[in-house]
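An overview of the molecular structure
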Amino acid sequence: MNTRNWPIRAKLVALVLIPVVSLIALWGIATQLAYGAAHDLLTAQVNHDEATRPTGTLVVELQQERRLSLVFLGSNRPGSDDLTAQRARTDLAVASFRSHARGDTLRADANQATLDRLDLALDALGRLSPIRQAVDLRQLDRAGALKSYSGIIDEAYHIYLALPVVNHPDISRDSHAVIAASRAREVLSQEDALLRGIATAGKFAGSEPAQLAGVIGTQRFLLADALVELPRTDRDGYTAVLDAQPAARVRSLEDKLLSDARAGAAVPVDMVAWQTS
């Protein structure tokens, strides 16, 4: 294009127009990036309010009911007021979870993986009433009750893995580390429920020493795996907590269980020390 004969005004406009067009292009890219980040943050907030928080509450209440169910099965009592009260709290958490999981706010922008996991968790909750009936009638032993409740809790945990995270490598890595550490705490909750049921019964049933050893090993593996994913500063802080006296006391008690638990024998650790660790 020959610009030698262009008027001065046209040349000045051309000189200004080139950087302006470039700037508009950059603004367009920045707007897209800003919109993407804002959309990610909005989606993350919806996921927290509609999925993460009600799922977390549900898991906690199911863990409590599992523990009290195993204690009941270890006893000779015809009923348990504590278990009845806990079931009422669990029912509230179930109702809240169902309301959020079926609601349009969460499902409107949820990906297919999240929808599938929500539906699987809702289906799993349909097993809760038969499990309770089997516990009341003592048709489940402690191992069976542990497996049944843990199966429902596992479906709830799978929701966390399906939820989209903010598109940032550090946030994505940290979220996976937090989920892994939370799974380790869930397995520790299984360990606690099983041990309390055994202690209430007064002795280990046939396969319970091996079952307890498997749970302890899984919990330790998951915790070590979660620590690897944490940033160094967070990992150092978490390691300091694990090296502190309460956590060290738990590991010492676990080591005693691994070495001394025998079928037909009493729990070889002080349960007061276990419960206060």
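In case you missed it, the structure is sitting above this.
Scope of this entry: the structure provided in the associated data block. (Residues numbered from 1 in each chain as written. Predicted model: local features only at pLDDT ≥ 70, side-chain atom pairs only at ≥ 80, totals over all residues. Heavy atoms only, no water.)

1. Some words on the packing of aromatic side chains
Here is the rule we go by: Two rings belonging to Phe, Tyr or Trp (six-membered ring only in the last case) form a pair when the distance between their centres is within 6.5 Å. Interplanar angles under 30 degrees mark stacking, angles over 60 mark edge-to-face geometry, and anything in between is tilted. Numbering of helices and strands runs from the N terminus, with a helix taken as a DSSP run of H or I at least four residues long and a strand as a DSSP run of E at least two residues long. Accessibility here uses a 1.4 Å probe with only protein chains present; expressed as a share of the type maximum, an area under 20% marks a residue as buried, one over 50% as exposed, and anything in between as partly exposed. Only Lys NZ and Arg CZ are tested; either one counts as a charge over a ring when it is within 6 Å of the ring centre and within 35 degrees of the ring normal.
Under the counting rule described, the total for this entry stands at one aromatic pair. Residues Tyr157 and Tyr160 carry aromatic rings whose centres are separated by 5.5 Å and whose planes lie at 75° to one another, so their mutual orientation is edge-to-face. A residue pair is termed a helical-turn pair when its members lie 3 or 4 positions apart in one helix, as Tyr157 and Tyr160 do in helix α6 (residues 142-162) at three residues. As far as burial versus exposure is concerned, Tyr157 and Tyr160 are alike and both buried. Against the face of Phe72 rests Arg138, its NZ or CZ located 4.3 Å from the ring centre. Geometry around Tyr157 places Arg183 over its ring, the cationic atom sitting 4.9 Å from the centre.

2. Things to note about the packing of helix α4 (residues 112-125) against α6
Keep this limit in mind: Axes, fitted as lines to C-alpha atoms, cover a helix only where it is in contact. Angles between the N-to-C directions of the axes lie from 0 to 180 degrees. Comment on the angle field: the value is read as roughly parallel under 35 degrees, roughly antiparallel over 145, roughly perpendicular from 65 to 115, and oblique elsewhere. A crossing counts as left-handed when the near helix is turned anticlockwise from the far one by less than a right angle, and as right-handed when that turn is clockwise. A contact between two residues is defined here by any heavy atoms of the two lying within 4.5 Å. Side-chain classes follow a simple rule in which Ala, Val, Leu, Ile, Met, Phe, Trp, Tyr, Cys and Pro form the nonpolar group, Asp, Glu, Lys and Arg form the charged group, and the remainder, Gly included, forms the polar group.
Where α4 meets α6, the axes come as close as 9 Å, and the angle between the chain directions of the two elements is 165°. In this view, α4 runs roughly antiparallel relative to α6, as classed from their interaxial angle. In terms of crossing hand, the pair formed by α4 and α6 is left-handed. Only Ile152, Glu155, His158, Ile159 and Ala162 of α6 make contact with α4, whose side of the interface consists of Ala113, Thr114, Arg117, Leu118, Leu120, Ala121, Ala124 and Leu125. Class assignment for the residues of the contact of α4 with α6 results in nine nonpolar, two polar and two charged.

3. With respect to the pattern of salt bridges
So the rule is basically this: Any carboxyl oxygen of Asp or Glu within 4 Å of a side-chain nitrogen of Lys or Arg constitutes a salt bridge here.
Counted under the stated rule, the structure contains 12 salt bridges. Linking Asp154 and Arg183 is a salt bridge whose minimum nitrogen-to-oxygen distance equals 3.0 Å. With Asp154 in helix α6 and Arg183 in helix α7 (residues 169-201), this pair connects stretches of sequence that are 29 residues apart. Given the relative accessible area of 21%, Arg183 is considered partly exposed. One salt bridge in this structure joins Asp255 and Arg220, with 2.9 Å as the shortest N-O distance.

4. Notes on helix α8 (residues 208-229)
Test applied: Helix span is expected to be 1.5 Å times the residue number reduced by one. In this context, the arc is that of the directions from the helix axis out to the C-beta atoms.
Compared with the 32 Å implied by 1.5 Å per residue over 22 residues, the 32 Å span of α8 between its first and last C-alpha is a close match. Among the residues making up α8, those that are buried are Glu208, Pro209, Leu212, Val215, Ile216, Gln219, Leu223, Ala226 and Leu227. Mapping the buried residues of α8 onto a view down its axis gives an arc of 130°, with all of them on the same face. The exposed residues of α8 that point more than 90 degrees off its buried face are Ala210, Phe221 and Val228.

5. Quick notes on the environment of Glu254
Within the element layout of this structure, Glu254 appears in helix α10 (residues 245-260). Exposure remark for Glu254: the relative accessible area of 1% places this residue in the buried category. Separated by 42 residues in sequence, Glu254 and Leu212 place their C-alpha atoms 9.5 Å apart. Beyond its immediate sequence surroundings of up to four residues, Glu254 is in contact with Leu188, Glu191, Ile216, Gln219, Arg220 and Trp274.

6. Let's talk about the nonpolar core
What counts is decided by this rule: We define a nonpolar core as any set of buried Ala, Val, Leu, Ile, Met, Phe, Trp, Tyr and Cys residues linked to one another through side-chain atoms lying within 4.5 Å.
Judged by nonpolar contacts, the single largest core of 48 residues is most densely connected at Phe97, Leu257 and Val267. With nine residues, the top contributor of residues to this core is α6. Apart from residues lying up to four places away in sequence, Phe97 is in contact with Pro54, Thr55, Leu58, Leu118, Ala121, Leu122, Leu125 and Ile159. Within the second largest apolar cluster, six residues are counted, among which are Ala184, Leu223, Leu230 and Leu242.

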